[in-house]
Amino acid sequence: MSALAVPSSVDSVVELLEKHDYFADRRLATSVFLALTMGRPLFLEGEAGVGKTEIAKVLASALRRELIRLQCYEGLDTASAVYEWNYPRQMIEIRLAEAQGKVDREALATDIFTDRFLIRRPILKALAPQGGAAPVLLIDELDRTDEPFEAYLLEVLAEYQVTIPELGAIVAPSPPIVVITSNRTREIHDAIKRRCLYHWVDYPSAARELAIVRRKVPGADLRLSREVVAFTQRLRAMDLFKAPGIAETLDWAEALVTLDKIALDPETVGDTLGALLKYQDDIGAVSPEVATRLVGEARREAAAELGS
């Protein structure tokens, strides 16, 4: 199946993403449109669970492109992210050459540092795909890596190329669609951000979150969906260590459906908070009294909306 052309307008981006179950606000859709049209990397920053990674997945699916994902972590280096030489195979080649009496070291050195001995990691795969349209390259959670790796990315993001000493510069014939995400556990260097279009992905509005829940958890009763969203929105206003993201809202709604619930009640909230909150201090902050108050507020808001 051939790749699709990039959308021709912001409205087309909104429509394309929504068709693939991603409800983007106008500002995010504009950033995506500009990144696609201008051929610039898109740098998405925001709290965990707000849909940053999902953007890359949806774009790959919607545009029929291969998704190449580089999951970042502390200590990530070029051997894991870009390329490395197949040293065992090179050693076998050297031994075979010696056994055959071919000891021209200069020719042998040239022969073993060729493409057939190159192990391609995500970044090189994205820049030099083995066929088809340019892929979507997701560099996920860049804030988990070290600064030296950030410095290495500067050439990739500015020129869409990598330099391999033995082979020279490998330039992408067609730039990949690059999406970089960060949970902002540390600041990313300005040099990276200057090479990208930047967007802060915030928690969704109640209306947008409800649309997401209705699409992603179709088994949830409308009343339950509204109460779940109203309750979660109120939780985010509390002083929590980690407020629930969209992913947690969906997990919670799915859990409530599994329990055959059609409405919230304080007891069920207390029993299922582990699907919504991931730190004991946050769970402890939602005391029975707090849960009762929030459930009451969520019920009244949902009832008002259903009655309108």
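Look up: the structure comes first, before these words.
Residues numbered from 1 in each chain as written. Predicted model: local features only at pLDDT ≥ 70, side-chain atom pairs only at ≥ 80, totals over all residues. Heavy atoms only, no water.

**Focus on the pattern of salt bridges**
Two side chains carrying opposite charge are able to pair once their charged atoms lie near each other. Going through the model one piece at a time under the given rule, you end up with 17 salt bridges. A salt bridge links glutamate 141 to arginine 144; the shortest N-O distance between them is 2.8 Å. The class for glutamate 141 is buried, based on a relative accessible area of 17%. Through salt bridges with shared partners, a single ionic network connects Glu45, Arg184, Glu187 and Lys193. (Salt bridge = Lys/Arg side-chain N within 4 Å of Asp/Glu carboxyl O. Buried < 20%, exposed > 50% of the residue type's maximum accessible area, 1.4 Å probe, protein only.)

**Comments concerning the packing of aromatic side chains**
This model, assessed by the stated rule, comprises five aromatic pairs. Ring geometry for phenylalanine 43 against tyrosine 198: centres 5.9 Å apart, planes inclined by 20 degrees, an arrangement best described as stacked. Taken together, the positions of phenylalanine 43 in strand β1 (residues 42-45) and tyrosine 198 in strand β9 (residues 197-200) put the pair 155 residues apart, joining distant regions of the chain. Judged by centre distance (5.3 Å) and plane angle (50 degrees), the rings of phenylalanine 231 and tryptophan 252 are tilted. (Phe/Tyr/Trp six-rings, centres within 6.5 Å; stacked < 30°, edge-to-face > 60°. Helix = DSSP H or I, 4+ residues; strand = E, 2+ residues; numbered from the N terminus.)

**A word on the pairing of β9**
Side-chain alternation along β9 places Leu197 and His199 on a buried face and Tyr198 and Trp200 on a face that remains uncovered. Examined bridge by bridge, β1 and β9 share four bridges and lie parallel to one another. When the sheet's bridge partners are listed, phenylalanine 43 is paired in β9 with tyrosine 198. (Pairing = 2+ DSSP bridges.)

**Here we look at the packing of helix α10 (residues 206-216) against helix α11 (residues 222-236)**
As a packed pair, α10 and α11 sit with axes 10 Å apart at the nearest point and diverge in direction by 135 degrees. Our classification of the angle between α10 and α11 gives oblique. For α10 against α11, the interelement crossing comes out right-handed. Side by side, α10 and α11 meet where Ala206, Glu209, Leu210, Val213 and Arg214 of the first sit next to Leu222, Ser225, Arg226, Val229, Thr232, Gln233 and Arg236 of the second. (Axes fitted to C-alpha atoms, helices over the stretch in contact; angles between N-to-C directions. Parallel < 35°, antiparallel > 145°, perpendicular 65-115°, else oblique. Left-handed = near helix turned anticlockwise from the far one by under 90°. Contact = heavy atoms within 4.5 Å.)

**Some words on the side chain of glutamate 150**
Positionally, glutamate 150 belongs in helix α8 (residues 147-159). Looking at glutamate 150, the relative accessible area reads 3%, which means it is buried. Filtering out sequence-adjacent residues up to four positions away, glutamate 150 remains in contact with Leu142, Thr145, Arg186, Glu187, Ile188, His189 and Ile192.

**A word on the packing of α10 against helix α12 (residues 246-258)**
Relative orientation and spacing of two packed helices are given, respectively, by the angle between their axes and the distance between those axes. At a closest axis distance of 10 Å, the pairing of α10 and α12 adopts a crossing angle of 45 degrees. Judged on the interaxial angle alone, α12 and α10 are oblique. Handedness of the crossing formed by α10 with α12: right-handed. The segment α10 lies against α12, with Glu209, Ile212, Val213 and Lys216 engaging Ile246, Thr249, Leu250 and Ala253. Considered class by class, the residues forming the contact of α10 with α12 number five nonpolar, one polar and two charged. (Nonpolar A, V, L, I, M, F, W, Y, C, P; charged D, E, K, R; others polar.)

**Here's the deal with the nonpolar core**
Ranked by size, the top nonpolar core spans 35 residues in total, and within it Ile123, Ile139, Leu142 and Leu153 carry the most contacts. Elements with a contribution of two residues or more to this core: β2 (67-71), β3 (83-85), α7 (122-127), β5 (136-140), α8, β6 (161-164) and β8 (177-182). Every residue in contact with isoleucine 123, bar those within four places of it in the chain, is listed here: Leu70, Ala81, Val82, Leu137, Phe149, Leu153, Val156 and Val162. One finds Ala230, Leu240, Leu276 and Val286 within the second-largest nonpolar core, a separate group that totals 30 residues. (Core = buried A, V, L, I, M, F, W, Y, C linked by side-chain atoms within 4.5 Å.)

**A closer look at the environment of threonine 145**
In this fold, threonine 145 is placed in the loop between β5 and α8. In contact with threonine 145, not counting residues within four places along its chain, are Cys72, Tyr73, Leu76, Glu150 and Arg186. Of note is the side chain of threonine 145, whose polar atom sits 2.7 Å from the backbone oxygen of leucine 142. (Polar contact = N/O pair within 3.5 Å; in protein donor to acceptor, adjacent residues only side chain to side chain.)

Limitation: the analysis is restricted to geometry and does not speak to function.
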